[in-house]
Amino acid sequence: MPRTQTQPAPPGQWSVAQAPGGLPLLGHLLPMRRRPLEFLTSLQYEGDLVRLNMKGQPLYMACHPELIDQMLKDPRTFDRGGPFYEKTQLLMGNSLGNCPYADHRRQRRLVQPSFRRERIASYPAVIREETEAETATWHPGGTIDANARMHAITARIGARVLLSTDMARDHVDQIVRCLPIVLKGIYRRMVAPIDLVHRIPSPERRGFESALEELRVLIDTVIRDYREAGVDHGDLLSGLLAARYEDGDRLADQEIHDQVMNFLTASTETTATALAWALQLLGRHPEYERRLQEEADAFMALDGPAGHGPGDLPYTGRVVTEVLRLYPPGWFVTRVVSTDTELGGQSLPAGTVVFYSSYALHHHRDLFPDPERFDPDRWTPERVKEVPKGAMIPFGSGSRKCIGDDYAMAETSIALATIASRWQLRPTSVTPVRPTPRALVGMGALPVVTQPRG
Ligand code: HEM
């Protein structure tokens, strides 16, 4: 009987398989471009480690949770890298999410205090305020694109968490305008078959470059203003300005600039996408929506948002967790082998690209029974024990695990509860919106009718 992914491999008995299909020259490029989620999910059943070929280059997909864990817990050997990282450097330089192992520990120690729970404790008020400001523009019976509206909410929240002062208010609007243009442009450059495409003058190139420049100038201006004011505003930028390396050195302005870009790009699209998926799923599952509404009503009745956070929203948290299982925004995570090594018994020379897909893992039927079913009760304290170790990793694992995980859970849960306390959103189409795997597992437009709750 074949071993399932819930069972550890006996020593030395990992299965290494060749991905089926593959064409001369192109290798597995076509299924990876055309239907990557289905293709990678199918590979989960081929072996513990699966070898693919991309235009003549071999690369390996770690499929068994234990092998993924080995790869993530050895960041020196499985270092930051892979086909996309050069392009993100254009935007984020050598920031936390982008830097190699050699710089990572030092950077992580420095940035971590800005993400402590005490600092995050002041965010619920901002999250509620910005969500309420957005929903105040909705009309009973109107139709909105819920995906676009969630992006608008999280961009505003992200910008305000970063910059909380009144002087920053205009800057927030500018960030909200420029950020989507920059993110779209970076993604296009990541997947362009040849670099030249984006060197040719075009309206897209002009728009991208001018939005990027505007964002860069703005961030530099704000850093300078904050330094001159010399006050701790309790926001993320103040945290970065106050941070000191172990030797007492502070971050240079360029380093702060890169971390700010990293924060803005990593925080807004991810949570917006999670919120949009949650709204689609709740709109199609009124039984779960009702339970969430009950909790949301109690949450909103608490006196004042300060001091009340995701701890008051356990059911909503389970809904968000299940959304992140079904549609983990960071669906494809790569590493590059820095020195010759082995994984699952397979020798991997330095320079080999290894990756895993949280989407494929989370949809494996050995790990999650009936994996396509939306079932927030998988995450009750009793049932969560049934989830195999290492099977649920929407935020990654090891020393490079998402630094914003608590913040992301807080933002998504509070924004969802704020919406659900007043509104029911009903999809206009009987056909669910399908995932579009790009840099994140996102979606196109999500048209919904906004119905006020009785
Ligand atoms: C639902 C929301 C989010 C998801 C699913 C998510 C997912 C991830 C994943 C999978 C990684 C690890 C990537 C790897 O191992 O290569 C990561 C890293 C990171 N995330 Fe998130 N993220 C989310 C929200 C956020 C937010 C809100 C922030 C900022 C406040 C953030 C900032 C970062 C940073 C800076 C890193 C790099 C960490 C390091 O290398 O030390 N993320 N995220």
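For the structure itself, consult the block above.
Cut-offs and rules
- Residues numbered from 1 in each chain as written.
- Predicted model: local features only at pLDDT ≥ 70, side-chain atom pairs only at ≥ 80, totals over all residues.
- Heavy atoms only, no water.
- Axes fitted to C-alpha atoms, helices over the stretch in contact; angles between N-to-C directions.
- Helix = DSSP H or I, 4+ residues; strand = E, 2+ residues; numbered from the N terminus.
- Parallel < 35°, antiparallel > 145°, perpendicular 65-115°, else oblique.
- Left-handed = near helix turned anticlockwise from the far one by under 90°.
- Contact = heavy atoms within 4.5 Å.
- Nonpolar A, V, L, I, M, F, W, Y, C, P; charged D, E, K, R; others polar.
- Buried < 20%, exposed > 50% of the residue type's maximum accessible area, 1.4 Å probe, protein only.
- Arc of directions from axis to C-beta.
- Pairing = 2+ DSSP bridges.

A. Up close: the packing of helix H12 (residues 253-284) against helix H16 (residues 405-420). Two elements in contact, H12 and H16, have axes whose closest approach is 10 Å; the angle formed by their N-to-C orientations is 40°. Comparing their axes, H16 and H12 come out oblique. Crossing of H12 over H16 shows right-handed handedness. Contacts between H12 and H16 involve Thr-271, Ala-274, Leu-275, Ala-278, Leu-279 and Leu-282 from the first element and Ala-408, Glu-411, Thr-412, Ala-415, Leu-416 and Ile-419 from the second. Here the contact of H12 with H16 is built from residues that sort into nine nonpolar, two polar and one charged.

B. Region of the structure containing helix H5 (residues 101-111). Along H5, the residues classified as buried are His-104, Gln-107, Arg-108, Leu-110 and Val-111. When H5 is viewed along its axis, its buried side chains cluster within an angular range of 155° and face the same direction. Seen from the buried face of H5, the exposed residues on the opposite side, beyond 90 degrees, are Ala-102 and Arg-105. Tucked inside the fold, the buried residues of H5 contact helix H11 (236-242) and H12.

C. Highlighting the sheet that holds strand E5 (residues 142-145). In space, the three strands of this open sheet follow the order E5-E13-E10, with antiparallel pairing throughout. Strand pairing shows two members of the sheet lacking a second neighbour, E5 and strand E10 (423-427), which therefore form its edges. Along the sheet, successive strands turn relative to each other by an average axial angle of 40°, direction set aside. Across five bridges, E10 lies against strand E13 (residues 447-452) in antiparallel orientation. Pairing of Pro-427 across the sheet is with Val-448, part of E13. Of the strands in this sheet, E5 and E13 touch helix H8 (residues 146-162), which is tilted by about 65° from E5.

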